[in-house]
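Residue-level structure breakdown
Residues per chain are reported as follows:
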Amino acid sequence: MCIRDRGVGPSKVILRIFPEKTNRTADRKREQAVFTYLSKAGKGVKMLYSCPEFRIEEFFDGGKLLVEELHDMKLMKKIARVLCDYNKDEGLLDILVQFDAKVPFAQRVIDEWQPMLRDEFESYERSVHTEEAINILKRVKYMTTPEFEKEYRELLKGLSKSEVVASHCDIHEMNILRSNDHKRVMLIDYEYASPNYRAIDIATLLMETTIDYTYPVFPYVSRSEKAKWSEEELNYFVSCYLEREAALKGEDAEKYVESERAALVYEVRKAEPLVAAMWAMWSLLLINWEQFDETKDWNLEYAQMRFDMFEEYKESAMKLDCEVQIH
């Protein structure tokens, strides 16, 4: 949307019209509260006007990232810095606590989303008819079981010492904006912003390097583990994040990174299967099963992909504990 510039205000704005209904896992009031706070703090897109039906935002002269750009070292450093500032913002955390107390999002997923899946899963099974869809549901049904809950909660224990921060919870390349002059990077889309363990956002971004949401044919998403950050890239990103954290705390960056990096990388590895499970459950809960079309709705395949990631990363996380005990 463009308006004539008369010397007052921006010449271009974004008109964001809200749908009448949002999916039940998202929270528009939360998103609006975070957007308003970051706008006033100069850390997000500037809000010009807002009402329940729509919002007018200042036009951001830039665009979303491509997944391959997450391997650009200079860009990784900027993202790490912005993410750390977001995570460590006490004012933002105070706002999020009003919605969730200080219960981490990863905890609420198993407390709230798994019971919803368990109660509704029979209706899911009645809604699918092709052999492929039936087999997918048979596989992901494991997420409704006590065994899955036990595994998930056991993995949560690996984050018990991780700091609870203001977390974005849905950070990926399409939720990161970069200005056209490459000077500014910011996070957008705050529907899932919540108190959460510090490692969750980094683990989410790490896993998103393997997923391409621009795949041209159904289910319009593909996965490649070969594209995942290497150990060197992960350590670099974590180091950049910790350098910024040290600056915020007024500590010596080199010493701080050296003392904290191994612990944060461990937390990230422990968080990976949890993140995969979160989005597998989310994808199933997002489906409108009464109008489910197996040839058009990509969420079922996405749920299977995320569940497969949970199974793979779960094994890696468990082996990590064994390695720590050996050393």
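Residues numbered from 1 in each chain as written. Predicted model: local features only at pLDDT ≥ 70, side-chain atom pairs only at ≥ 80, totals over all residues. Heavy atoms only, no water.

A count of helices and strands for the protein gives ten helices and ten strands. Principal-axis analysis of the C-alpha atoms places the extent of the protein at approximately 60 × 55 × 40 Å. Counting only residues that meet the buried cut, the protein has 50% of its 327 residues in that class. As displayed, the protein has an accessible area near 16,500 Å², and 51% of this comes from carbon and sulfur atoms. Across the protein, the 47 positively charged side chains and the 61 negatively charged ones have centroids separated by 4 Å. (Helix = DSSP H or I, 4+ residues; strand = E, 2+ residues; numbered from the N terminus. Buried < 20%, exposed > 50% of the residue type's maximum accessible area, 1.4 Å probe, protein only. Areas by Shrake-Rupley, 256 points an atom, 1.4 Å probe, with all protein chains shown as cover. Lys, Arg positive; Asp, Glu negative; His and termini not counted. Charge placed at Lys NZ, Arg CZ, Asp CG, Glu CD.)

Across the sheet, three strands lie side by side as S4-S6-S7; this open sheet has antiparallel pairing. Edge positions in the sheet fall to strand S4 (62–64) and strand S7 (185–187), since each has one partner strand and no second. Here the average twist between neighbouring strands, direction ignored, is 25°. Bridge analysis of strand S6 (residues 176–179) against S7 gives three bridges, and the strand direction is antiparallel. (Pairing = 2+ DSSP bridges. Axes fitted to C-alpha atoms, helices over the stretch in contact; angles between N-to-C directions.)

Moving on, we come to unusual backbone geometry. The step from Phe218 to Pro219 runs through a cis peptide bond, and the omega angle for that step is 10°. Position of Pro219 among the secondary structure elements: in the loop between strand S9 (211–212) and strand S10 (222–223). The residue Asp189 is not glycine, and still its phi comes out positive at about 65°. Its location among the elements puts Asp189 in the loop between S7 and strand S8 (194–197). We classify Asp189 as partly exposed; its relative accessible area is 29%. One non-glycine residue with positive phi stands out, namely Tyr220, at about 70°. Tracing the backbone through its elements, the reader meets Tyr220 in the loop between S9 and S10. For Tyr220, a relative accessible area of 39% corresponds to the partly exposed category.

Counted under the stated rule, the structure contains 19 aromatic pairs. Taking 4.9 Å as the distance between ring centres and 70° as the angle between the ring planes, the aromatic pair formed by Trp298 and Tyr302 counts as edge-to-face. Here a set of aromatic residues connected by ring pairs shows up, and it is made of Tyr192, Tyr213, Trp279, Trp282, Trp298 and Tyr302. Looking at Lys12, its charged tip hangs above the ring of Phe59, at a distance of 5.3 Å from the centre. It is Arg55 that lies over the ring of Phe35; its NZ or CZ is 3.7 Å from the centre. (Phe/Tyr/Trp six-rings, centres within 6.5 Å; stacked < 30°, edge-to-face > 60°. Lys NZ or Arg CZ within 6 Å of the ring centre and 35° of its normal.)

Tracing the backbone shows Glu301 in helix H10 (residues 299–326). Of the buried charged residues, Glu301 lacks a salt bridge, with Arg139 as the closest side chain of opposite charge at 13 Å. (Salt bridge = Lys/Arg side-chain N within 4 Å of Asp/Glu carboxyl O.)

Further remarks concern the environment of Tyr213. Its place among the elements puts Tyr213 in the loop between S9 and S10. Look at Tyr213 and you get buried, because its relative accessible area is 19%. Expressed as a C-alpha distance, the spacing of Tyr213 and Ser316, which sit 103 residues apart in the sequence, is 25 Å. The residues contacting Tyr213, other than those within four sequence positions of it, are Glu173, Met174, Glu208, Tyr220, Val221, Tyr302 and Arg306. Within the local environment of Tyr213, its side chain forms a polar contact with the side chain of Glu208, the two groups lying 2.9 Å apart. Within the local environment of Tyr213, its side chain forms a polar contact with the side chain of Tyr302, the two groups lying 2.8 Å apart. (Contact = heavy atoms within 4.5 Å. Polar contact = N/O pair within 3.5 Å; in protein donor to acceptor, adjacent residues only side chain to side chain.)

This brings us to the pattern of salt bridges. Following the criterion strictly, the structure yields 29 salt bridges and no others. With a shortest N-O distance of 2.6 Å, Arg16 and Glu57 are connected by a salt bridge. One end of the pair, Arg16, is in strand S1 (residues 13–17); the other, Glu57, is in strand S3 (residues 54–58), and 41 residues separate them in sequence. The residue Arg108 makes a salt bridge to Asp100 at a minimum N-O spacing of 3.5 Å.

What follows is about the sheet that holds S3. One open sheet accounts for three strands, arranged S1-S3-S2; its pairing is antiparallel. The open sheet has two edge strands, S1 and strand S2 (47–50), and neither has a second partner. The average undirected angle you get between the axes of adjacent strands in this sheet is 15°. Here helix H1 (residues 28–40) sits on the sheet in contact with S2 and S3, set at roughly 145° to S2.

That is the geometry; function is a separate question.
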